[in-house]
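Observations on the model geometry
Spelled out from the first residue to the last, the chains are:
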Amino acid sequence: MYRRTSHVHKLDVLSVDTSSVLQIGDSRQIDAVANILAVQREQAIFYENEFMFEDYSVFSVPLTPPSLVDPICIDTFHDCPYIFIRKVEVPFVAGASIVHLGSNESITLETRVVNIRHLFQDEPNTRGRG
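So, how was this worked out
Residues numbered from 1 in each chain as written. Predicted model: local features only at pLDDT ≥ 70, side-chain atom pairs only at ≥ 80, totals over all residues. Heavy atoms only, no water. Helix = DSSP H or I, 4+ residues; strand = E, 2+ residues; numbered from the N terminus. Buried < 20%, exposed > 50% of the residue type's maximum accessible area, 1.4 Å probe, protein only. Contact = heavy atoms within 4.5 Å. Core = buried A, V, L, I, M, F, W, Y, C linked by side-chain atoms within 4.5 Å. Phe/Tyr/Trp six-rings, centres within 6.5 Å; stacked < 30°, edge-to-face > 60°. Polar contact = N/O pair within 3.5 Å; in protein donor to acceptor, adjacent residues only side chain to side chain. Salt bridge = Lys/Arg side-chain N within 4 Å of Asp/Glu carboxyl O.

The protein is annotated in an unreviewed UniProt entry as Spore germination protein GerPE from Brevibacillus fortis.

Quick look at the environment of Val90
Within the secondary structure, Val90 sits in strand 4 (residues 82–93). Given a relative accessible area of 14%, Val90 falls into the buried group. Separated by 75 residues in the primary sequence, Val90 and Ser15 have C-alpha atoms spaced 8.4 Å apart. Those residues in contact with Val90 that lie beyond four places of it in its chain are Asp12, Val13, Leu14 and Val99.

Brief notes about the nonpolar core
Ile83, Ile85, Val88, Val90, Val93, Val99 and Leu101 together form the largest nonpolar core, which totals seven residues. Among the elements that make up this core, the one with the highest residue count is strand 4 (five residues).

Quick notes on unusual backbone geometry
Of note in the backbone geometry, Asn49 takes a positive phi value of approximately 60° without being a glycine. Mapped onto the elements, Asn49 comes out in the loop between strand 3 (27–41) and strand 4.

Details of the packing of aromatic side chains
With the rule as written, the count across this model stands at two aromatic pairs. Note on Tyr82 and Phe84: the rings are 5.8 Å apart at their centroids and 40° apart in plane angle, and the pair reads as tilted. Overall, the relative accessible area of 60% leaves Phe84 in the exposed class.

Side note on the side chain of Ser20
With respect to the helices and strands, the residue Ser20 is situated in the loop between strand 1 (5–16) and strand 2 (21–24). When its relative accessible area of 16% is taken as the criterion, Ser20 is described as buried. Polar contacts involving the side chain of Ser20 include one to the main-chain amide nitrogen of Ser97, which spans 3.5 Å. Residue contacts for Ser20: discarding those within four places in its chain leaves Val93, Ala94, Gly95, Ala96 and Ser97.

Some words on the pattern of salt bridges
Under the counting rule described, the total for this entry stands at five salt bridges. Here Asp12 and Lys10 are joined by a salt bridge, their closest N and O atoms 3.8 Å apart. Here Asp12 falls in the partly exposed class, since its relative accessible area comes to 32%. Notably, a salt bridge pairs Glu50 with Arg41, separated by 2.4 Å at the nearest N-O pair. Using a relative accessible area of 28% as the deciding quantity, one classes Glu50 as partly exposed.

Take a look at the structure:
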């Protein structure tokens, strides 16, 4: 891997979420995996062992990476051994995401999310109707 030196004058980041990477400089490999089970309820009553990852097949189904039909050939020439960055503003880095300032050989990212919302159903309004 061709190595370069990263010069960053200013980096503003408010929040880096679970299994995310904020990398300044070179890295050979980055792997980020996030399994998220988000439950929202109008009334915050939860019971022990009510929501378990193993109850949702989306978290256990193996993912197969896409196969490349045609090989990709890349020739890169780095005229300067430095990366100069004046300013980067990143408000939020979400689950299994990357902010990377530098060289990298391999990145693998995987995020699986199940959102569950339990909302009250309104009773039908029958005012004045029999």
